[in-house]
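So you can see what is in the structure, the chains are spelled out below.
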Amino acid sequence: MERRQRPQKKRHPIRNIIIVLLLALIAGGTAYGMNKYQSIKSTVKTTYKASGATKLRNASAVLQAKKPVSILLLGTDTGALGRNFKGRTDSMMVVTINPKTNKTTITSIPRDTAVNVPGFADYGVAKINAAYAWGQSKTAITTVQKMLNIPIDFYAIINMGGMEKIIDEVGGVTVKPTLSFRYGGYTFKKGVKTHMNGKKALAYSRMRDDDPKGDYGRQTRQRKVIMALLNKSGSVSSLLNEDFVNSLTKQTQTDLTFDDLTALATNYRKATQAKNISTTHIQGSSATINGQSMEVASKSELQRVTNYIRKALGLSQATTGKIAQMDTDSNSSTSSRESSSTSNNNDSQHNGF
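Residues numbered from 1 in each chain as written. Predicted model: local features only at pLDDT ≥ 70, side-chain atom pairs only at ≥ 80, totals over all residues. Heavy atoms only, no water.

Trainee: Looking at this model, I keep getting lost on the packing of aromatic side chains. Mind explaining?
Mentor: Centre-to-centre distance and the angle between the planes together describe a pair of aromatic rings. All chains considered together, the criterion is met by seven aromatic pairs. Between F120 and W134 the ring centres are 5.3 Å apart and the planes differ by 40 degrees, which places this aromatic pair in the tilted class. Placement of the pair is F120 in the loop between β4 (114–116) and β5 (125–127) and W134 in helix α4 (residues 130–148), with a sequence separation of 14 residues. For the ring pair Y186 and F188, a centre distance of 6.5 Å and an interplane angle of 45 degrees mean the geometry is tilted. Within the aromatic cluster, the residues linked to one another by ring pairs are F181, Y186, F188 and Y204. (Phe/Tyr/Trp six-rings, centres within 6.5 Å; stacked < 30°, edge-to-face > 60°. Helix = DSSP H or I, 4+ residues; strand = E, 2+ residues; numbered from the N terminus.)

Right, here's the structure in full:
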């Protein structure tokens with residue numbers, strides 16, 4: 001059986017666009033006077049939508065007490081021209097922000113990770129990106145909480161059209177491609193620094209089928225684009241204009257209130273600096289289940305990720321969840337083995353437990 005290569009370690013990890021931009025807007029809003037600040041506050045409020053999920057703790061109380069928080073970040077390609085947050089999620093990440101240690105962690109969950117989605121038992125084993133399609137943010141949150149035995153305090157969704165808008169707003173980004181390929185009418189050459197506008201950067205980020213590392217390779221490319229963007233967007237004032245804010249809010253949805261975002265900007269900002277961020281991802285082995293190609297994570301791998309996130313949240317270690325531990329003998333065929341070493345299964349700065 002052919003072993004799937006793991007993504008190479010990256011020197012810098014990803015940060016989610018909605019958190020970066022909204023924190024920047026909240027933190028910098030007062031510099032533009034109370035009228036502008038109130039306008040931004042009113043606009044940001046339009047992104048709010050409660051998930052309806054049963055949270056494992058009082059998220060607002062955790063935030064007000066300046067304790068570590070977790071945010072489930074969801075990315076989607078649907079509704080690029082408006083706020084139509086339907087369909088399956090292209091990306092899913094659990095972010096922890098710890099103001100006591102001034103550290104942020106980001107854990108990527110591959111969209112093809114095999115799970116039993118809570119509340120949809122009759123559907124059988126499914127890819128985790130179906131959780132949002134079947135039950136929106138409520139089911140996505142519930143699935144991640146049960147899979148990893150971790151609390152999800154808040155969620156945030158951004159449409160890829162929002163990232164395209166941001167990249168264009170800062171004049172594009174320069175990225176050195178990790179492999180050569182053609183996609184979306186664009187050509188990319190491995191190792192050659194390439195300046196990309198929003199559309200080209202999204203094409204670079206979206207390609208999946210021709211990447212020998214599959215979705216793991218795509219995640220690596222997404223990290224490159226977003227880190228290039230973050231390294232360029234150091235000037236908050238360049239992004240603070242009303243037209244831009246209005247455009248961005250059409251591409252985002254979250255249960256973070258304006259007050260929650262203000263608390264994050266006030267008390268958690270240092271933890272989100274690039275030098276303080278580390279990432280990892282759930283590594284699975286490829287298998288065909290019920291006729292679909294999925295990524296099956298072992299119990300030991302899920303436990304590693306559970307430990308990683310709970311430690312970042314300042315919580316005691318606990319047994320990982322079970323809904324992603326599959327007995328694939330009867331209904332699947334494995335096409336690649338799980339990586340044998342989980343201690344190195346990360347993207348940067350992971351010291352193990």
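Trainee: Got a minute to help me understand the pattern of salt bridges in this structure?
Mentor: One side chain can pair with another of opposite charge once the charged atoms of both are near each other. The final tally for this structure, using the stated rule, is five salt bridges. For K55, the salt bridge is made with D255, and the minimal N-O distance between the two is 3.0 Å. Pair noted here: K55 is in the loop between α2 (33–45) and α3 (59–64) and D255 is in the loop between β11 (252–254) and α9 (258–267), with a separation of 200 residues, a long-range link. With a relative accessible area of 23%, K55 lands in the partly exposed category. Ionic pairing is found between R221 and D211, a salt bridge with its closest N-O pair at 3.0 Å. On the criterion of sequence distance, the pair formed by R221 in helix α7 (residues 214–232) and D211 in the loop between α6 (198–206) and α7 is long-range, its members being ten residues apart. (Salt bridge = Lys/Arg side-chain N within 4 Å of Asp/Glu carboxyl O. Buried < 20%, exposed > 50% of the residue type's maximum accessible area, 1.4 Å probe, protein only.)

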